[in-house]
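The residues making up each chain are set out below.
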Amino acid sequence: MLITLKKILAKANKENYAVGAFNINNMEICQAVMNAAVSQKSPIILQTSQGALEYAGKDYLKALAETAADQKVPVCLHVDHGRDLDLIKACIKKGWTGIMYDGSHLPFEQNVKNTKKVVGWASKKGIGVEGELGTIGGAEEKIVSRQIIYTDPDAAVEFVDKTGVDALAIAIGTSHGAYKFSGSGRLDIHLLKTIKQKLNMPLVLHGASGVPSWLVTLAARYGAHLGKPEGVPDDQVALAVKNGINKVNTDTDLRLAFDAAVRKFVAEKPEDFDPRHILAPARELMQQVVEHRIQLFGSSGKA
Ligand code: G3H
Ligand code: 13P
Ligand code: ZN
């Protein structure tokens, strides 16, 4: 059975580790994440962005997560960066067990109003809601925001009081995508500590991919043109978890692993066009990446 965001994060907050939240868009990504969670005996969050819901469809993604939930580790199925209220309502109805309402682009009061609405719907089913305050930079298919606005601690307290969210995504210097920093790759850990002290509740780090250089090199060796990508260094992620982050989002690292493995296979075996042969190495490489991140988050053995 799928478990709720509320429950999976309450335990992480109590025991001071983070649950990895990985974006799934198809079966191989879902299997890679689940194989890693099972091998590490770790709780896990499978999250679906609006883009994923559009690409794969709610029913297929729900079926994948239901199958994943039979595998002996706690699994939460979560909407990532939900902005469309009708879509959120539909996912709650279909059985998603966590919702992120992302009103970070709206004025404070409008963000409060919409988030509160979602908390009302979610509470009828007992599932959890993640809100966002501050702006995490970067650009994905459905999220465009170039500027990082760090979360204000007092505004965070007011936001949580007014909305009743179970978890809060905060901006402490990360951005989405593969190009995160123009200067040093350091997070504002002092700000994180201040927010945690005031709220003492599950906090979420978005845009947390490590963009490992070995993966970038591998993809580039087989033809990828990635420029100079830069991720959040592992020591910064570990420090963030130590100081109160309980959910860490990762998508870019999965994309890089998928891309590198597929490129390598088709370059080395140009005569092989069996999709299973092409996708199996991608699934394996993504699993390896997820296993490393689970260890970094301290959730191994917490299932
Ligand atoms: O933070 C967002 C995730 O990386 C999802 O990206 O909207 O392109 O699916 P997406
Ligand atoms: P990355 O782009 O760093 O993987 O962040 C993903 C994310 O925050 C999904 O919500
Ligand atoms: Zn995000």
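Structural data are supplied above this passage.
Note that this is a predicted model, so its numbers are computed, not measured.

## Topic: the packing of helix α2 (residues 27–40) against helix α12 (residues 275–297)
Two quantities define a packed helix pair, namely the angle between the axes and the distance from one axis to the other. Close contact between α2 and α12 brings their axes to 8 Å; oriented N to C, the two are set at 45°. By the criterion of interaxial angle, the relationship of α2 to α12 is oblique. The two elements α2 and α12 meet at a crossing, and its hand is right-handed. Touching E28, I29, Q31, A32, V33, N35, A36, A37, S39 and Q40 of α2 are L279, R283, M286, Q287, V290, E291, I294 and Q295, all from α12.

## Comments concerning the coordination of the zinc ion (ligand 3)
The coordination sphere of the zinc ion (ligand 3) contains the protein donors H81 (NE2), H176 (NE2) and H206 (ND1), at a distance range of 2.0 to 2.1 Å. We note that the donor set of the zinc ion (ligand 3) lies within a single chain, spaced as H-x94-H-x29-H. In this pair, H81 sits in strand β3 (residues 75–82) while H206 sits in the loop between β9 (203–205) and α9 (213–221), placing the two residues 125 residues apart along the sequence. With relative accessibility at 7%, the residue H81 sits in the buried group. Accessibility expressed as a relative area gives 0% for H206, which makes it buried.

## A word on the packing of aromatic side chains
The full count for this structure, using the stated rule, is two aromatic pairs. Centre to centre, the rings of F108 and F159 are 6.2 Å apart; their planes meet at 65°, and the pair counts as edge-to-face. Placement of F108 in helix α6 (residues 108–125) and of F159 in helix α7 (residues 153–163) is noted, with a sequence separation of 51 residues between them.

Calculation rules
- Residues numbered from 1 in each chain as written.
- Chains lettered and ligands numbered in written order.
- Predicted model: local features only at pLDDT ≥ 70, side-chain atom pairs only at ≥ 80, totals over all residues.
- Heavy atoms only, no water.
- Axes fitted to C-alpha atoms, helices over the stretch in contact; angles between N-to-C directions.
- Helix = DSSP H or I, 4+ residues; strand = E, 2+ residues; numbered from the N terminus.
- Parallel < 35°, antiparallel > 145°, perpendicular 65-115°, else oblique.
- Left-handed = near helix turned anticlockwise from the far one by under 90°.
- Contact = heavy atoms within 4.5 Å.
- Donors = N, O, S within 2.8 Å, 3.2 Å for Na, K, Ca; no water.
- Buried < 20%, exposed > 50% of the residue type's maximum accessible area, 1.4 Å probe, protein only.
- Phe/Tyr/Trp six-rings, centres within 6.5 Å; stacked < 30°, edge-to-face > 60°.

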